[in-house]
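Per-entry structural report
Chain residues, written in single-letter form:
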Amino acid sequence: MELRFSEDEEAFRAKLVAWLDEVVPAVGPPPPVDDWDARRVYDCAWQRQLFDAGYAGINWPIEVGGLGASPSEHLIFLEETARRGAPDVGLMFVALLHAGPTLIAEATAEQKAAHLPAILRGDEVWCQGFSEPQAGSDLASLRTRAVRDGDDYVINGSKIWTSNAQVADYCELLVRTDPDAPKHRGISWLILPMDTPGIDIRPLRSIPGTDEFSEVFFDDVRVPVANRVGNENDGWRVAMVTFSFERGTAFVGEMLASMQLVEQLAAVAKKVTRGSGTAWDDAGLRRDIGRAAADLDALWALVKRNVTQATRSGVPGPGGSVFKLYYSEMRHRLGELSERVFERAGLALDDVGGMGNGPHVEGMLHAISISIAAGTTQIQRNIVAERILGLPKDR
Ligand SMILES: Cc1cc2nc3c(=O)[nH]c(=O)nc-3n(C[C@H](O)[C@H](O)[C@H](O)COP(=O)(O)OP(=O)(O)OC[C@H]3O[C@@H](n4cnc5c(N)ncnc54)[C@H](O)[C@@H]3O)c2cc1C
């Protein structure tokens, strides 16, 4: 691993920064979280701008339309887009960060041609239909059934916690195609067009008060067999590929945004009054804010290591679980820190007296979901124990 950047990489950075400085100021702030149509337009438009400028699919291979960037260029891209306040990946999250990469690794030439260019252009939003009411951590217990009927599968069952289902064009869907096989061996991975008749999306309200995920019900939904990725009943293996990408670098953008939250917290602490001074006079608070900044620096070093390893082997390894585990715990500590700085204003999502508390309170609530989404903290610990430390398997 080379932690310093070469001259060529610094030239890549300079060109990217010049472009970001030119375009980002004109992009404007993101729409309200509950305005799904506006969010879709905003996120897809940014993806289109990246595409037109040649930055779409930064780490995707050149043969599928990506930039084929080196790990260092990928890291520079993540760092500078976050630092310059460019929109984050938003609703393109599933498409760009794990469905697309899974298609690159596993799909047929026809499937790649049908979806990868559209994802890169910002024309396709995807969601993930993996979890079910009785199949979250124990995902292999999923029961949504797909029965072969000629050239189609007919799907019945339901999914839950499907993020962004209401604006998605496609879903990466796990279904049970052989109910008699051992649970990991009877699953298939399908590309489901979300406008197929028989799909009922029922949004669920989450703790920050938004409909970020939904229940999705399937009533005789017909999907062509040609939409299956990988062999029939080999979907568990394909899902593991998806997970490796989801836990690999998918949280990196938000981790970089957390660095900005820490800087803002320090700035606020220097202003808010406590007794005759400010919150910053508290040595314990200063130490904890410093610790948060140091944690994020360490995580950034870990990301560099993971990205380098992933590029070598094509698919991210279990190091993504170490990152996800430590990052989610760090976000909980950051939430507690913001409560200490904002005190009563830390109970309000609305801004109190221009303090800028809203994003921090939102961040604190979001931290709860980070330790559950994409595999809970306990599941990440199991992965680290089994796949990195070589401890005996969880039964
Ligand atoms: C914000 C958010 C967005 C999400 N988006 C999506 C999405 O788009 N698509 C999708 O498919 N899913 C999504 N999920 C679902 C997520 O993947 C599941 O919530 C997660 O896998 C946990 O499953 P569960 O909720 O059923 O909890 P359970 O699996 O029931 O777990 C309950 C508790 O038991 C613990 N536990 C379970 N098994 C073990 C074990 N073997 N060892 C130790 N502890 C264990 C867990 O860690 C947890 O604390 C999302 C979740 C959140 C919070």
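Up top is the structure these notes are about.
Let me begin by describing the structure that accompanies this report. Just so we're clear, the structure is a prediction, and the values are computed from it rather than from any experiment.

1. Considerations on the overall build of the protein
The helix and strand tally for the protein stands at 11 helices and 10 strands. The burial tally for the protein puts 50% of its 395 residues in the buried class. Counting only contacts in the protein whose residues sit at least 6 apart along the sequence, the fraction spanning at least 24 positions is 71%. As displayed, the protein has an accessible area near 18600 Å², and 53% of this comes from carbon and sulfur atoms. Where the 41 positive side-chain charges of the protein centre and where its 56 negative ones centre are 6 Å apart.

2. Describing a nonpolar patch on the surface
Together, Ile207, Ile368 and Ile372 make up a nonpolar patch on the protein surface, roughly 290 Å² of accessible area in all. Here Ile372 lies in the loop between helix H10 (357-370) and helix H11 (377-388). Note on Ile372: relative accessible area 52%, which makes it exposed.

3. Brief notes about the site of the ligand
As a matter of local geometry, the ligand sits amid 19 residues, with Ser131, Ser137, Trp161, Thr376 and Gln378 nearest to it. Note that a nitrogen atom of the ligand is positioned 2.9 Å from one of the backbone N or O atoms of Trp161. Within the side chain of Ser163, one N or O atom sits 2.8 Å away from a nitrogen atom of the ligand. Starting from 980 Å² of accessible surface for the ligand in isolation, the protein chains cover 68%.

4. Some remarks on the pairing of strand E3 (residues 152-163)
Here strand E2 (residues 145-149) runs beside E3; their pairing, made up of five bridges, is antiparallel. The partner of Ala146 across the bridge, within E3, is Ile155. The loop that links E2 with its antiparallel partner E3 comprises two residues; one of these, Gly150, has a positive phi angle of about 65°. Bridge count between E3 and strand E7 (residues 213-224): nine bridges; the pairing is antiparallel. Considered in E7, the bridge of Ser163 is made with Phe213.

5. So, empty space enclosed by the protein
Think of a ball as big as a water molecule: rolled over the atoms, this probe shows where empty space is left. Scanning all chains against the criterion turns up two cavities of 30 Å³ or more. Here the lining of the largest cavity gets four residues from one element, more than from any other, and that element is helix H9 (residues 319-342). Here the residues of the lining of the largest cavity sort into four nonpolar, four polar and one charged.

6. So, the nonpolar core
One finds Trp126, Ile155, Trp189 and Leu192 to be the most contacted residues of the largest nonpolar core, which totals 52 residues. Tallying contributions element by element places helix H4 (residues 93-106) first for this core, with six residues. If you look at the next biggest cluster of nonpolar residues, it comprises 34 residues, including Met255, Ala292, Leu299 and Val303.

7. Concerning the state of the cysteines
Summed over the entire model, instances satisfying the criterion amount to zero disulfides. Lacking any disulfide linkage, Cys44 is separated from the closest cysteine sulfur, that of Cys127, by 13 Å. The thiol of Cys171 is unpaired, and the distance to the nearest cysteine sulfur, on Cys127, comes to 3.8 Å. A relative accessible area of 2% means that Cys171 is categorised as buried.

8. Considering helix H5 (residues 109-121)
Spanning 13 residues, H5 covers 18 Å between terminal C-alpha atoms, matching the ideal 18 Å at 1.5 Å per step. For H5, the full list of buried residues reads Gln111, His115, Leu116, Ala118, Ile119 and Leu120. Elements in contact with the buried residues of H5: helix H2 (36-52), H4, strand E1 (126-129), strand E4 (170-176), strand E5 (187-193) and strand E8 (228-229). Taken from the residues just after H5, Gly122 is the one with a positive phi, measuring 80°.

Definitions and limits used
- Residues numbered from 1 in each chain as written.
- Predicted model: local features only at pLDDT ≥ 70, side-chain atom pairs only at ≥ 80, totals over all residues.
- Heavy atoms only, no water.
- Helix = DSSP H or I, 4+ residues; strand = E, 2+ residues; numbered from the N terminus.
- Buried < 20%, exposed > 50% of the residue type's maximum accessible area, 1.4 Å probe, protein only.
- Contact = heavy atoms within 4.5 Å.
- Areas by Shrake-Rupley, 256 points an atom, 1.4 Å probe, with all protein chains shown as cover.
- Lys, Arg positive; Asp, Glu negative; His and termini not counted.
- Charge placed at Lys NZ, Arg CZ, Asp CG, Glu CD.
- Patch = residues over 30% accessible without salt bridge, like charges linked within 9 Å, V, L, I, M, F, W, Y side chains within 5 Å.
- Salt bridge = Lys/Arg side-chain N within 4 Å of Asp/Glu carboxyl O.
- Near = heavy atom within 4 Å.
- Polar contact = N/O pair within 3.5 Å; in protein donor to acceptor, adjacent residues only side chain to side chain.
- Pairing = 2+ DSSP bridges.
- 1 Å grid on protein atoms, 1.4 Å probe; cavity = no way out; pocket = protein on both sides within 12 Å on 5 of 7 lines; lining within 4 Å.
- Points joined across faces, edges and corners; volume = space filled by probe spheres on them.
- Nonpolar A, V, L, I, M, F, W, Y, C, P; charged D, E, K, R; others polar.
- Core = buried A, V, L, I, M, F, W, Y, C linked by side-chain atoms within 4.5 Å.
- Disulfide = S-S within 2.5 Å.
- Expected span 1.5 Å × (residues − 1).

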